[in-house]
Amino acid sequence: MLLRLLIFPGICAAIALFLGAAEGLICRNPLRAVKSGAVGLGVGFVGGLIATVPGGMIFSVMSNISLGMSRGLAPGEMPKGMALLVLMMGRAAAWSLIAIAAGMGQGIALKEKKVVINGVVGALLGGLIGGLLFDPISLILVTADGQAAYSRAVGFGAIGLFVGLFVGLVEGWTKTAWLLMRKGPLAGKQFILFRDTTVLGSSPKADVYLFKDDAIEPRHALIINRGGRFEIEDCKTPDGTYVNGIPVTRHVLSDGDQIVLGKTVLEFSLKESAHS
């Protein structure tokens, strides 16, 4: 009984750990990976444990309705038709609720409300799809002892896959401004500008961590969001900050501007609705 109670918190913790650590690992920032991964692990487990109670209540109510709609079911037999649909909806709703904790950790670690919201939406969609897949798969694949181990494995795998996928998709749908590294150690990497003030520098504590470039200071430049108008400010660095080849101390960025710090080239992008 205890093991079954801990399944969902464990799954949420594992997903949140991966999501939290992934961004830091991609950016080769171990400090951020450890911090975000640890916070994600804790939030995922505790949040998943708490959400298991209302999630279980939702599923219990919906499964009872499903059973009430079915007549003459043998023990262990799955309902059919509308009763099966009700059961699937109940499981999907329960899994969506519990999965929320899996998507919150990274945003909480970064102290960013937008990242938390994106994570919650992504987790809801991931849990929904994982829950909807469970019962159809269990109709096709069962173990020799009649247990739904295969469908549970696929369902949990779907939560992890779709939480990560939808968190990324929601992030892409909601972003208003971002930097694309055109030249540098992470060429092709996109940095979404969530914060009101984004720090660019060679310190692992910088929001945009620019390593392997001796010309970049630990705190080299700031990008400040002034109500949808993004302004870059050089932090009085010896090598300076350049926009479109011109050295700047402070400059309002436009879509497509090329920012050069040391040997690193970043392209600033702004979504149409943000500057229309």
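Look up: the structure comes first, before these words.
The model shown is predicted, which means the values in this text are computed figures rather than measured ones.

Definitions and cut-offs
The written sequence of each chain sets the order in which its residues are numbered from 1. Local features in a predicted model are, by the rule used here, given only for residues with pLDDT of at least 70; side-chain atom pairs are given and counted only at 80 or more, and totals for whole chains, interfaces and linings are based on all residues. Processing note: side-chain calculations cover all non-hydrogen atoms of the structure and skip hydrogens and water entirely. Patches here are clusters of residues that have more than 30% relative accessible area and form no salt bridge, with a 9 Å joining cutoff for like charges and a 5 Å cutoff for nonpolar side chains (Val, Leu, Ile, Met, Phe, Trp, Tyr). Throughout, the Shrake-Rupley method with a 1.4 Å probe supplies accessible areas, and for residues the shown protein chains are the sole cover considered. Here, a salt bridge means any Lys or Arg side-chain nitrogen found within 4 Å of an Asp or Glu carboxyl oxygen. Starting at the N terminus, helices and strands are each numbered in turn, a helix being any DSSP run of H or I of at least four residues and a strand any DSSP run of E of at least two. A simple rule labels every residue: compare its accessible area, found with a 1.4 Å probe on the protein chains alone, to the largest value its type can have, and call it buried under 20%, exposed over 50%, or partly exposed in between. In this scheme, strands are said to pair when DSSP sees at least two bridges between them. In this analysis, axes come from line fits to C-alpha atoms, helices being fitted only over the stretch in contact, and the angle between any two N-to-C directions falls in the range 0 to 180 degrees. The contact rule is simple, with two residues in contact once any of their heavy atoms fall within 4.5 Å.

Trainee: Would you mind showing me how to read a nonpolar patch on the surface here?
Mentor: The grouping of Leu5, Leu6, Phe45, Val46, Leu49 and Ile50 at the surface amounts to a nonpolar patch, some 490 Å² of accessible area in total. Counting only elements with at least two residues in the nonpolar patch, the list comes to helix H1 (2-26) and helix H2 (30-69). It is H2 that provides the largest number of residues to the nonpolar patch, a total of four residues. Looking at where leucine 5 falls in the secondary structure, it is placed in helix H1. Its relative accessible area of 39% is what places leucine 5 among the partly exposed residues.

Trainee: What is the right way to look at the environment of leucine 84 in this model?
Mentor: For leucine 84, the position within the fold is in helix H3 (residues 82-110). A residue is classified by how much of its surface remains accessible, and leucine 84, at 13% relative accessible area, is buried. A sequence separation of 14 residues divides leucine 84 from serine 70, and the C-alpha atoms of the two residues are 9.0 Å apart.

Trainee: Explain the sheet that holds strand S10 (residues 258-261) to me, please; I cannot follow it from the model alone.
Mentor: Strand order in this open sheet of six strands is S2-S1-S11-S10-S7-S8, and the pairing throughout is antiparallel. The sheet is open, and its two edges are formed by strand S2 (190-192) and strand S8 (246-248), each paired on a single side. With direction set aside, neighbouring strand axes in the sheet form an average angle of 30 degrees. Here strand S7 (residues 241-243) runs beside S10; their pairing, made up of two bridges, is antiparallel. By the bridge assignment, tyrosine 242 is partnered in S10 with valine 260.

Trainee: Please explain the environment of isoleucine 223 as it appears in this structure.
Mentor: Tracing the sequence through the fold places isoleucine 223 in strand S5 (residues 221-226). Taking relative accessible area as the criterion, isoleucine 223 reaches 1% and is therefore assigned buried. In sequence terms isoleucine 223 and aspartate 196 are 27 residues apart; their C-alpha atoms lie 8.0 Å from each other. Apart from the residues lying within four places of it in its own chain, the contact partners of isoleucine 223 are Leu179, Leu193, Asp196, Thr197, Thr198, Leu200, Phe230, Glu231, Ile232, Leu253 and Ile259.

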